[in-house]
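If you want the building blocks of each chain, they are given just below.
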Amino acid sequence: MMSIAEFCELHYACKEGREWALANCKAMADVWVTACPGWLVWVATRPDVLDDRTLRLFGVFCARSVEHLMTDQRSRDAIDVAERFAKGEATAEELSAAWSAARAASDAAWDAAWDLQATWLRENCLPNFLTGGE
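It should be emphasised that the depicted structure is a prediction, and the values quoted were computed from it without experimental measurement. (Residues numbered from 1 in each chain as written. Predicted model: local features only at pLDDT ≥ 70, side-chain atom pairs only at ≥ 80, totals over all residues. Heavy atoms only, no water.)

### Digging into the overall build of the protein
Phase 1: Of the regular secondary structure elements, the protein holds 8 helices and 0 strands.
Phase 2: Reading the protein from its N terminus to its C terminus gives the helix and strand order α-α-α-α-α-α-α-α.
Phase 3: In terms of overall dimensions, the protein is more spread out than a globule: its C-alpha atoms have a radius of gyration of 22 Å, far above the 14 Å expected for 134 residues.
Phase 4: Overall, the protein is about 70 × 45 × 25 Å in size when its C-alpha atoms are taken along their principal axes.
Phase 5: Counting every position in the protein, which comprises 134 residues, the buried fraction comes to 20%.
Phase 6: Considering only contacts in the protein between residues 6 or more positions apart, those separated by 24 or more positions represent 33%.
Phase 7: Surface accessibility of the protein: about 9600 Å² in total, with carbon and sulfur atoms responsible for 60%.
Phase 8: Each charge class in the protein can be summarised by its mean position, and for the 13 positive and 21 negative side chains these summaries are 3 Å apart. (Helix = DSSP H or I, 4+ residues; strand = E, 2+ residues; numbered from the N terminus. Rg over C-alpha atoms; globule rule 2.2 N^0.38 Å. Buried < 20%, exposed > 50% of the residue type's maximum accessible area, 1.4 Å probe, protein only. Contact = heavy atoms within 4.5 Å. Areas by Shrake-Rupley, 256 points an atom, 1.4 Å probe, with all protein chains shown as cover. Lys, Arg positive; Asp, Glu negative; His and termini not counted. Charge placed at Lys NZ, Arg CZ, Asp CG, Glu CD.)

### Focus: unusual backbone geometry
Phase 1: You will see that Tyr 12, though not glycine, has its phi angle at about 55°, which is positive.
Phase 2: Mapped onto the elements, Tyr 12 comes out in the loop between α1 (4–10) and α2 (15–24).
Phase 3: Positive phi outside glycine occurs at Asp 48, with the angle close to 70°.
Phase 4: The class for Asp 48 is exposed, based on a relative accessible area of 79%.

### Points about the packing of helix α5 (residues 52–64) against helix α6 (residues 73–86)
Phase 1: Put simply, α5 and α6 touch, their axes get as near as 9 Å, and they point 160° apart. One finds that α5 runs roughly antiparallel with respect to α6. For α5 against α6, the interelement crossing comes out left-handed. Here α5 contributes Arg 53, Arg 56, Leu 57, Val 60, Ala 63 and Arg 64 to the contact with α6, which in turn contributes Ile 79, Asp 80, Ala 82, Glu 83, Phe 85 and Ala 86.
Phase 2: Classifying every residue of the contact of α5 with α6 gives 7 nonpolar, no polar and 5 charged. (Axes fitted to C-alpha atoms, helices over the stretch in contact; angles between N-to-C directions. Parallel < 35°, antiparallel > 145°, perpendicular 65-115°, else oblique. Left-handed = near helix turned anticlockwise from the far one by under 90°. Nonpolar A, V, L, I, M, F, W, Y, C, P; charged D, E, K, R; others polar.)

Laid out in structure tokens, this is it:
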């Protein structure tokens, strides 16, 4: 099994992450129970750390942790399809369609946010700019 130092070197870990891992973990297994979420994602996404199924299920787990913030059903549906795909219960075509629908939901949300920001700027900043701040 690869040592923490070897893993960090092989995958070009940042200085802070390497120092933390060497100081706090005796074996790679320790990383899974002690590392901060950002570093867990970094470790999990290195080649050959997790198999495809496990990595997909990890992604679903991460998405489920913020699912309550998703206001568009297409995004929630995409998580369900991604989980079914990871378990071999959905096709690549279903996954692609769910991804496209979720992307459309994301694009619509960004468009709405930009429209709201533009309206706010027009109503609050533009009049002050045109009058010299008076």
